[in-house]
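Below, each chain spelled out in residue letters.
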Amino acid sequence: MRKILLLTALLFSSIMYSQTTVADGDWGTTSTWDNNQVPANSDNVVIAHSVDIDNARTTANLTINAGARLDVDGALTVTGTVTNNGTLKVRLADMSHSGATFTNTGDMTISSGKDLVLSNGSATLTNSGTITISSGNTAFGSLMLSGTYTKSGNGKIIYKRYVASTTYWDLIGSPVTLLDIFDFQDENDDIATNGSAIAIGYYTNTSEAYSSNDGWTNYTTSTIGTAGNFVSGKGYQMATTGGSVVEFTGSMTTSSVAISVTTNEEGTTNPNDGTKFALVANPYPSYIDVTSFINAHKDTQMHASHGAVYGWDGAQYDTYSLASPGNGIAPGQGFMIGVRGSDGTSQTVTFTTAMQTASGSGDYSEYDPMEDDRAELFISLNQNDFNKETKLFFLEQGTDGLDLGYDAATMDLGNYSIFSRLVSDDEGVNMDHQSLAYSEMWDKVIPLGVNALAGEEITLGISHRTTPADLNIYLEDAIEGTMTDIKAGDYTFIPSSDINGVGRFFIHMTADTMSNGEVSTSILNAYKESNANYITLEGLATQSNNINVSLYNILGRNVLDTSLDNNL
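All values reported here derive from a predicted model rather than from experimental measurement.

Chemist: Explain the overall build of the protein chain to me, using residue names and the numbers behind them.
Modeler: Along the backbone of the protein chain there are four helices and 48 strands. Across the 568 residues in the protein chain, those meeting the buried criterion constitute 51%. Taking contacts inside the protein chain between residues at least 6 apart in sequence as the whole, the part at least 24 apart equals 64%.

Chemist: Can you tell me about the environment of S463, naming the residues and giving the values?
Modeler: Tracing the backbone through its elements, the reader meets S463 in strand β40 (residues 458–465). Separated by 2.5 Å, the side chains of S463 and E389 make a polar contact.

Chemist: Account for the sheet that holds strand β10 (residues 87–90), naming residues and giving values.
Modeler: Pairing within the open sheet is mixed, and its eight strands lie in the order β2-β4-β7-β10-β13-β16-β19-β25. Every interior strand has two partners, whereas the edge strands, β2 (25–26) and β25 (244–250), have only one. Note that strand β16 (residues 130–134) and strand β19 (residues 156–163) share five bridges and pair parallel. Its bridge partner lying in β19, S134 is registered against K160.

Chemist: I'd like to hear about the sheet that holds strand β11 (residues 95–97), residue by residue, with values.
Modeler: Either a parallel or an antiparallel arrangement is found when strands of a sheet pair, and the pairing is made through backbone hydrogen bonds. The five strands lie next to each other as β5-β8-β11-β14-β17, forming an open sheet whose pairing is parallel. Single-partner strands in this sheet number two, and they are β5 (57–59) and β17 (142–145). This sheet shows a mean twist of 10° between the axes of neighbouring strands, independent of strand direction. Here four bridges tie strand β14 (residues 115–118) to β17, and the two strands are oriented parallel to one another. What sits directly across from V117, in β17, is M144.

Chemist: Run through the packing of aromatic side chains, naming residues and quoting values.
Modeler: What characterises a pair of aromatic rings is the spacing of the ring centres plus the angle enclosed by the ring planes. Counted under the stated rule, the structure contains 16 aromatic pairs. An aromatic cluster of three or more residues is present, and its members are F184, F230, Y236 and F248.

Chemist: Can you tell me about unusual backbone geometry, naming the residues and giving the values?
Modeler: At N36, a residue that is not glycine, the phi angle is positive and equals roughly 60°. Here N36 shows up in the loop between β2 and β3 (44–47). Its identity as a non-glycine residue notwithstanding, D385 has a phi of 65°, on the positive side. With respect to the helices and strands, the residue D385 is situated in the loop between β34 (375–383) and β35 (386–395). Of the residues examined, D385 reaches a relative accessible area of 72% and is grouped as exposed.

Chemist: How would you explain the environment of N218 if you had to name every residue and give the values?
Modeler: With respect to the helices and strands, N218 occurs in strand β23 (residues 216–220). For N218, a relative accessible area of 27% gives the class partly exposed. As for N218 and Q237, which are separated by 19 residues in sequence, their C-alpha atoms are 8.1 Å apart. Those residues in contact with N218 that sit more than four places away from it in its chain are W169, I198, I200, G201 and Q237. Within the structure, N218 has its side chain in polar contact with the side chain of Q237 (distance 2.8 Å).

What counts, and at which threshold
- Residues numbered from 1 in each chain as written.
- Predicted model: local features only at pLDDT ≥ 70, side-chain atom pairs only at ≥ 80, totals over all residues.
- Heavy atoms only, no water.
- Helix = DSSP H or I, 4+ residues; strand = E, 2+ residues; numbered from the N terminus.
- Buried < 20%, exposed > 50% of the residue type's maximum accessible area, 1.4 Å probe, protein only.
- Contact = heavy atoms within 4.5 Å.
- Polar contact = N/O pair within 3.5 Å; in protein donor to acceptor, adjacent residues only side chain to side chain.
- Pairing = 2+ DSSP bridges.
- Axes fitted to C-alpha atoms, helices over the stretch in contact; angles between N-to-C directions.
- Phe/Tyr/Trp six-rings, centres within 6.5 Å; stacked < 30°, edge-to-face > 60°.

Next up, the structure:
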């Protein structure tokens, strides 16, 4: 008898109940359901009314009947199938689905800042209805799918993407596929215009385009009709009349997206200018992870000194490297990358579904992880209420030389007024991010570059710091012979002449106490840029009036002796 009872109990426990709503109400209220019980995690759930989820819930299979509605205001996890024939709103919380089949024949919406994640790599999302994903100025809805998307009948995806005004502009890519640029502009009245010019355009990085018009070209009323579809993975510039939401309507890609990018440093000698940069964009309606993107391209496709993502924030370009990757690249967000190779070299940049991430915050965002053996020091410059900062990271992966992906140079498109130089093997490249060894932080001198105007007050200081409390940080002004404890206060002065480049300012990090005149650091750095027919000599400002220079070839033979008048 006991064995029979045990078998009966086991059979009873494996039964999966089906529960159907009998009234409008909350998921967690017993009177909402036909058996007067809140569904268990393993139950099949049928929504036949208007139901809200206010607390986190899990269910096996979920069906929403035609005419019914489910508002996800508390996190919802579905482990089996989802069938939406009515209205599904991922409204105030995220929804995740680990099953194999998700079918939408009705209306499904994902609110700004919320995620719908289909985590099963073999999952199929079949859509014959409408899926609408919303965004705002700082929050973006996300649909993450690594499996298969199947469009049936009139099925469509609408991504409502916030685009800035003509005061700021935005870098944008289409988060949907098969969308004609002319149709997009025709259906979105908020896209700005100026005469025949339309505020949708692209970036060309040839030296001719860069020098004549910064490489930016807008479509016009006579060219947009033949522009064709938005290219997945390509970035565009875009603006609306006052900063508003536009609609991208199309299908969805769940495969890798490859796009060819080219470097065009045709005779230019500036190692940071716009001729090596290409404008690309996240092609998915989900966030992608910056670290994954950089790691996939830093060794081959991305320029060695520019192994980073450069995102436009409406006022300037912000750098995101492996040292500070932020929280992800938003759906449809465009960004600049430096392309590796000599003039005319093409590389293939590939976005993969594995780069997708459910986390994200705004277009781009800094993060400040408090990890062991990690510290950060950001040095800022303020002049005429214009603020800019350069970032120093002290990490296990950092060295005094170039660290691919962890060191990121500036780009002239960003108008940088402060930067650092590599402590070792400096080749004249201005760095926005520099990563150094955490273990060597207590004995480091870092060259600091400043570009500033004469006659206007400059303030140099620490804008962010997580370095150890017992580490002293000084700013040396080699021209004035001063050593300022910038942990204690900013360094403010009015330059008598324009300041440009490196050689005057240095950051000293030490356990010792320093004072004026105790150290007089100088930097004399000679290098030849890749396309130049001359040698650049930096750091002359701190030297005597006349400097003798000798040049030797690779065999050690003296080929030049000259004297430079430093007063010129």
